[in-house]
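Descriptive analysis of the structure
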Amino acid sequence: MSDAPSQTVPNQAIAGKFGFGQPVRRVEDQRLVTGHGAFSDDIPLEGGLIGYVLRSPYAAGAITSLNVDEAREAPGVHLVMTADDLEAEGINHMKCGSLLTQTDGSTMPEPQFPILAHKNVYHVGQAVVFIVADSLNEAKNAAEMIEFEVDEHDAAPDFQTALNDGQPQVHPDIASNRAFHWSHGEGEAAEAALAGADRVVELTLVNNRIISNPMETRIAIGEWDEAAGKMTMTANTQGGWGLKARLARDFLKLPADKVRVVTPDVGGGFGTRAFPCVEQPLVCLAARRLKRPVKWVSERSECMLTDLGGRAHLSTARLGLDADDRIVGMTIHLRADMGAFLSDAAPFIPTGAMLKVATGVYHVPAFHVVVEGVYTNTTPVDAYRGAGRPEAIYLVERLIDKTAQTLGLDRVEFRRKNFIQPEAMPYTAASGTTYDDGNFDLVLDDVLQRADWAGFEARRQDSVARGKRRGIGLCYYIESTLGAPKETCAVTFVGDNTLEFTVGTQSNGQGHETAFAQLMADRLGLDIGQVRMIQGDTDRIPTGGGTGGSRSMITQSTAISGVAEQIIEKAKALAADDFECAVDDIRFEAGEVSVVGTDRRTSLMALAERHPGGLDDSATTKIRDNSYPNGCHVAEVEIDPETGQTAVLRYTIVDDFGVLLNPLIVEGQVHGGVVQGLGQALCEQVVFDEGGQLVSGSLMDYAMPRADTMPHMDFHYTEAVPCTTNDLGSKGCGEAGSIASPAAVINAMIDALKSDGIQDLDMPATPQAVWRALQDAAMKEAA
């Protein structure tokens, strides 16, 4: 059995005192880019076995035969597990963690989400049999021996039509494929506002389904300690605490302290790695039965087929204005794809998460939203970077531009007129969210100047002279961070002039190792090389909220600051004893304690050496509320009408993240988010055929954003509006880029094509889609 150690992150790559707000280069990069990272697949397993999942090639049908007898006798095979094994123990169900109260007051129904298919199959790629063998090839050979037959049924793979009459039912006991009906706001008041409006503009759009495609595929390792009666799971998670609770309670039926989850380095999360997946309980159950470690590693094609999907909304929104062009009301009707089963947070994403920012940065007096969850014969859908907030902002910012375009308004001034003003803060939106602060005019002025918005028409004419179309668009976004408000940090002085501190978040590439070490060193006046971060071990770190919803910086940093303050007070008390003076006479500064008015002083580390354990401490802190980062992104595009090819020529950003700990890391986070948003807007698209087969199942068929098609990003920020909901004044930044960029670039493309009569364009705006839109517009004009 492997040690599965906690991840201790050294900081030898950088030394010196780097304070709050300095652009320190990431200390982890040297380790990661030179092949010295320790990922889940790198964990050595003495006597380990390999797991393989036989998956359904059918999207819908009844299982008529499943014979695994020959496979169980195949060379190298140790275990063949089917649904019957799990049903007998009553553990063949992945529970949803966010069941909703519906509009009628009832709790939404929850169909069985089986770990292994039982009686029926519901989507291509659904797990049917788990095989454990000495090697992957032996497991695959055994899978070929399994007799698996299905009475194939018609499938309903399209969430846009799955609610229509006559569509095949995904679950026999769920009428019309409706997973839930949810609403928020005063419907009558919103309808009355629109009825009395001077003008009403309506927009219907699709938020296309995507595959998150982290660099590292899904991995799960189970190790059973028979003597201790304890399970260790190693997996690439976004925080192991929720998974630990699920494994203990729902599958292994063990006390929580008999399950340990270890997360080494992680090659990307994006929300997809935040939730339990069926392979995790499978490897644990197999390891306990065989009393040997069991590892399962997803292949890339398997990941694309079975990773949780993202986005997949169909929305219709209406906006009503008075005679002075001020918003009087807004309604939204939204259909959200759930896939075949309810993943952990799936119902919450298009409802509670979307609602947080559903009215954007605008004063909307009357608001009502209706959301229908839709079952389809496809892989389940859940959170993807931004999780509901990008979908909301894309809708509202497209609607704002559509309204300005339809009514002949200046889109910048229309926004200004309807902005929530700084003096209205804190502001409770019609959605129910209370924004603590924001100065949207300040940010807008800054980004327009930096993007040279005023000089754009000259650049447009230059493109026209070359036979191209040029457009400029903007998106003003606001985000609500999510996740648990509490976090803990424990500090241990380990000797050798070093301390270790634990975090309850989990880095998936965000730069936590640098940012948190930088903050701890700043607060205690130490060299950054003197502090080491510990993460990813639920034994070493009993509680944690994980990483997601842009929560890590504001929650974990608050805990780090809290424990640092406690350590400083302890140091003062110990120094007062050593120096035989009053505590009030002790001053702490730059990593040293001294007696005021004398030259008597000692360093924090020397004090820790003299008093072993005396400075060790921990703190659990809670932020007062979420933070509300916001900003404005401006995209400038050029389109070749002959090919439909779009080039993003300029991309300008001004973000309000409050007070920044490390601007360099923040900029990197924004860059990554923008690329993912542009990928969704321009090229990424999950496609199922009418039978539910995944057509875009490889990187040959699913277009990912490439470095050579991404623009230079002119990134700027303002710290003029500190957050008031945490003592650092910081706002989350990890998802902002993916929230703002889709609307910015699509608005720019429609601006470029408006002279051709094009008023709407859905994502992904591929060259083919743009070319077809141009041809259709030309034919319409000719007719």
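Shown above is the structure to which this text applies.
Note that the structure is a prediction, hence the values are computed from the model and not measured. (Residues numbered from 1 in each chain as written. Predicted model: local features only at pLDDT ≥ 70, side-chain atom pairs only at ≥ 80, totals over all residues. Heavy atoms only, no water.)

**Observations concerning the pattern of salt bridges**
Two side chains bearing opposite charge may form a pair once their charged atoms approach each other closely. Within the structure shown, the criterion is met by 63 salt bridges. For Glu-500, the salt bridge is made with Arg-532, and the minimal N-O distance between the two is 3.0 Å. Taken as a pair, Glu-500 in strand β23 (residues 498-502) and Arg-532 in strand β24 (residues 531-535) lie far apart in primary sequence, 32 residues in all. The exposure class assigned to Glu-500 is buried, which follows from its relative accessible area of 13%. Arg-532 sits in the partly exposed class, given a relative accessible area of 23%. When salt bridges that share partners are traced, they join Glu-397, Asp-401, Arg-411, Arg-415, Glu-457, Arg-460, Asp-751 and Lys-754 into one network. (Salt bridge = Lys/Arg side-chain N within 4 Å of Asp/Glu carboxyl O. Helix = DSSP H or I, 4+ residues; strand = E, 2+ residues; numbered from the N terminus. Buried < 20%, exposed > 50% of the residue type's maximum accessible area, 1.4 Å probe, protein only.)

**Structural notes on the side chain of Ser-480**
Among the structural elements, Ser-480 can be located in the loop between β21 (469-478) and β22 (486-495). For Ser-480, a relative accessible area of 0% puts it in the buried group. Within the local environment of Ser-480, its side chain forms a polar contact with the side chain of Asn-626, the two groups lying 3.5 Å apart. Contacts of Ser-480, omitting those with residues within four sequence positions, involve Lys-356, Val-357, Arg-389, Asn-626, Ser-627 and Tyr-628. (Polar contact = N/O pair within 3.5 Å; in protein donor to acceptor, adjacent residues only side chain to side chain. Contact = heavy atoms within 4.5 Å.)

**Observations concerning the environment of Ile-623**
In this structure, Ile-623 sits in the loop between β28 (617-622) and β29 (630-639). In this structure the C-alpha to C-alpha distance between Ile-623 and Ala-484, which are 139 residues apart in sequence, comes to 9.3 Å. Aside from chain neighbours lying at most four places away, what touches Ile-623 is Pro-485, Ile-554, Thr-555, Thr-558, Thr-725 and Asn-726.

**Overview of the sheet that holds strand β3 (residues 61-67)**
Sheet strands pair via backbone hydrogen bonds, and the direction of the pair is either parallel or antiparallel. Judged by pairing direction, the sheet is antiparallel, and its three strands sit side by side in the order β5-β3-β7 without closing on themselves. One side of each edge strand has no neighbouring strand; the edge strands of this open sheet are β5 (120-121) and β7 (147-152). Note: β3 against β7, six bridges, orientation antiparallel. The residue of β7 that forms the bridge with Asn-67 is Glu-147. (Pairing = 2+ DSSP bridges.)

**Side note on helix α6 (residues 241-252)**
Along its 12 residues, α6 runs 15 Å from first to last C-alpha, staying within 8% of the 16 Å computed at 1.5 Å per residue. The element α6 is extensively covered by neighbouring structure, given that nine of its 12 residues are classed as buried. Buried residues in α6 make contact with β12 (230-235), β13 (259-262) and α7 (279-290). Positive phi appears at Lys-253, one or two residues downstream of α6, with a value of about 55°. (Expected span 1.5 Å × (residues − 1).)

**Regarding helix α14 (residues 512-524)**
The terminal C-alpha atoms of α14, which comprises 13 residues, lie 18 Å apart, in line with the 18 Å expected from a rise of 1.5 Å per residue. Of all 13 residues that make up α14, 11 are buried, and the element is covered over most of its length. Downstream of α14 by one or two residues, Gly-525 has phi in the positive range, about 70°.

**What to know about the packing of aromatic side chains**
Inspection of every chain in the model, using the stated rule, returns nine aromatic pairs. On the basis of an interplanar angle of 10° and a centroid distance of 4.7 Å, the ring pair of Phe-113 and Phe-341 is categorised as stacked. Residue Phe-113 is located in the loop between α3 (83-89) and β5, and its partner Phe-341 is located in the loop between β17 (327-339) and α9 (349-355); the two are separated by 228 residues in the primary sequence. A relative accessible area of 13% means that Phe-113 is categorised as buried. For the ring pair Phe-419 and Tyr-476, a centre distance of 5.4 Å and an interplane angle of 65° mean the geometry is edge-to-face. Of the two residues, Phe-419 sits in the loop between α11 (411-418) and β19 (427-428) while Tyr-476 sits in strand β21, which places them 57 residues apart along the sequence. (Phe/Tyr/Trp six-rings, centres within 6.5 Å; stacked < 30°, edge-to-face > 60°.)

**Section: the sheet that holds strand β6 (residues 127-133)**
Reading across the sheet, the seven strands line up as β4-β6-β2-β14-β11-β12-β13 and stay open at both edges, with mixed pairing between neighbours. A single partner strand is all that each edge strand has here, and the edge strands are β4 (77-81) and β13. Averaged over all pairs of adjacent strands, the angle between strand axes in this sheet comes to 20°, irrespective of strand direction. Direction of pairing for strand β11 (residues 219-225) relative to β12: antiparallel, over a ladder of six bridges. (Axes fitted to C-alpha atoms, helices over the stretch in contact; angles between N-to-C directions.)

**Regarding the side chain of Thr-498**
Mapped onto the elements, Thr-498 comes out in strand β23. Its relative accessible area of 8% is what places Thr-498 among the buried residues. Aside from chain neighbours lying at most four places away, what touches Thr-498 is Phe-493, Gln-530, Arg-532 and Met-605.

**What about unusual backbone geometry?**
Between Met-425 and Pro-426 the backbone carries a cis peptide bond, its omega angle lying at -5°. Here Pro-426 is to be found in the loop between α11 and β19. Residues Met-763 and Pro-764 are joined by a peptide bond in cis, for which omega reads -10°. Within the secondary structure, Pro-764 is located in the loop between α18 (736-753) and α19 (767-782). Of note in this structure, Asn-497 is not a glycine but carries a positive phi near 65°. Note on placement: Asn-497 falls in the loop between β22 and β23.

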